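What follows is the residue order along each chain.
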Amino acid sequence: MNKSIYEQAQSTIAELCEKAKLRTGNIVVVGCSTSEVVGARIGTNSSPDVAAEIYRALHEYTESKGLYLAIQCCEHL
């Protein structure tokens, strides 16, 4: 069973924050490429829909944990 982009981003941010032992008030910095997420080369297949799902997962998780989210990636996010 394949996980959705949202589910993958959700489990990845949770694992990252857990392993980093982040606490309330810490900053999580994320960099990614929607083109790479869908299996293409950076900048060749940008997707606002993929970006929206990634952002939704990251934002929901970090907000629920009292973390700040900083994103450096494509303009869609």
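Here the structure is a predicted model, which means the values were calculated and not measured.

Reading the values: the criteria
Residues numbered from 1 in each chain as written. Predicted model: local features only at pLDDT ≥ 70, side-chain atom pairs only at ≥ 80, totals over all residues. Heavy atoms only, no water. Helix = DSSP H or I, 4+ residues; strand = E, 2+ residues; numbered from the N terminus. Buried < 20%, exposed > 50% of the residue type's maximum accessible area, 1.4 Å probe, protein only. Expected span 1.5 Å × (residues − 1). Arc of directions from axis to C-beta. Contact = heavy atoms within 4.5 Å. Salt bridge = Lys/Arg side-chain N within 4 Å of Asp/Glu carboxyl O.

**Digging into the overall build of the chain**
Right, on to step 1. Across its full length, the chain carries three helices and two strands.
Right, on to step 2. Secondary structure elements in the chain, listed N-terminal to C-terminal, are α-β-α-α-β.
Right, on to step 3. Projected onto its principal axes, the C-alpha positions of the chain cover 35 × 30 × 20 Å.
Right, on to step 4. Classification of the 77 residues of the chain by burial places 25% in the buried group.

**Some words on helix α3 (residues 48-65)**
Right, on to step 1. For α3, which comprises 18 residues, the first-to-last C-alpha distance of 26 Å matches the rise-based estimate of 26 Å (1.5 Å per residue) to within 8%.
Right, on to step 2. When we look at burial in α3, the residues that qualify are Val 50, Ala 51, Ile 54, Ala 57, Leu 58, Tyr 61 and Thr 62. Seen from one end, α3 has its buried residues packed into an arc of 140°, which puts them on one side. Exposed residues lying more than 90 degrees from the buried face of α3 are Pro 48, Asp 49, Glu 63 and Ser 64.
Right, on to step 3. For α3, the elements touching its buried residues are α1 (5-20), β1 (27-32), α2 (34-37) and β2 (68-73).
Right, on to step 4. The positive-phi residue at the C-terminal boundary of α3 is Gly 66, with phi of around 70°.

**As for the pattern of salt bridges**
Right, on to step 1. Tallying each qualifying case throughout the model produces three salt bridges.
Right, on to step 2. Between Glu 15 and Lys 19 there is a salt bridge, with the nearest N and O atoms lying 3.7 Å from each other. Of the two residues, Glu 15 and Lys 19 both sit in helix α1, four residues apart, roughly one turn of that helix.
Right, on to step 3. Taking relative accessible area as the criterion, Lys 19 reaches 60% and is therefore assigned exposed.
Right, on to step 4. Residue Arg 56 is joined to Glu 60 by a salt bridge in which the shortest nitrogen-to-oxygen separation is 3.8 Å. Residue Arg 56 and its partner Glu 60 are both found in helix α3; the two are separated by four residues, about one turn of the helix.
Right, on to step 5. You can call Arg 56 partly exposed: its relative accessible area is 35%.
Right, on to step 6. A single network of salt bridges, built from pairs that share partners, joins Glu 53, Arg 56 and Glu 60.

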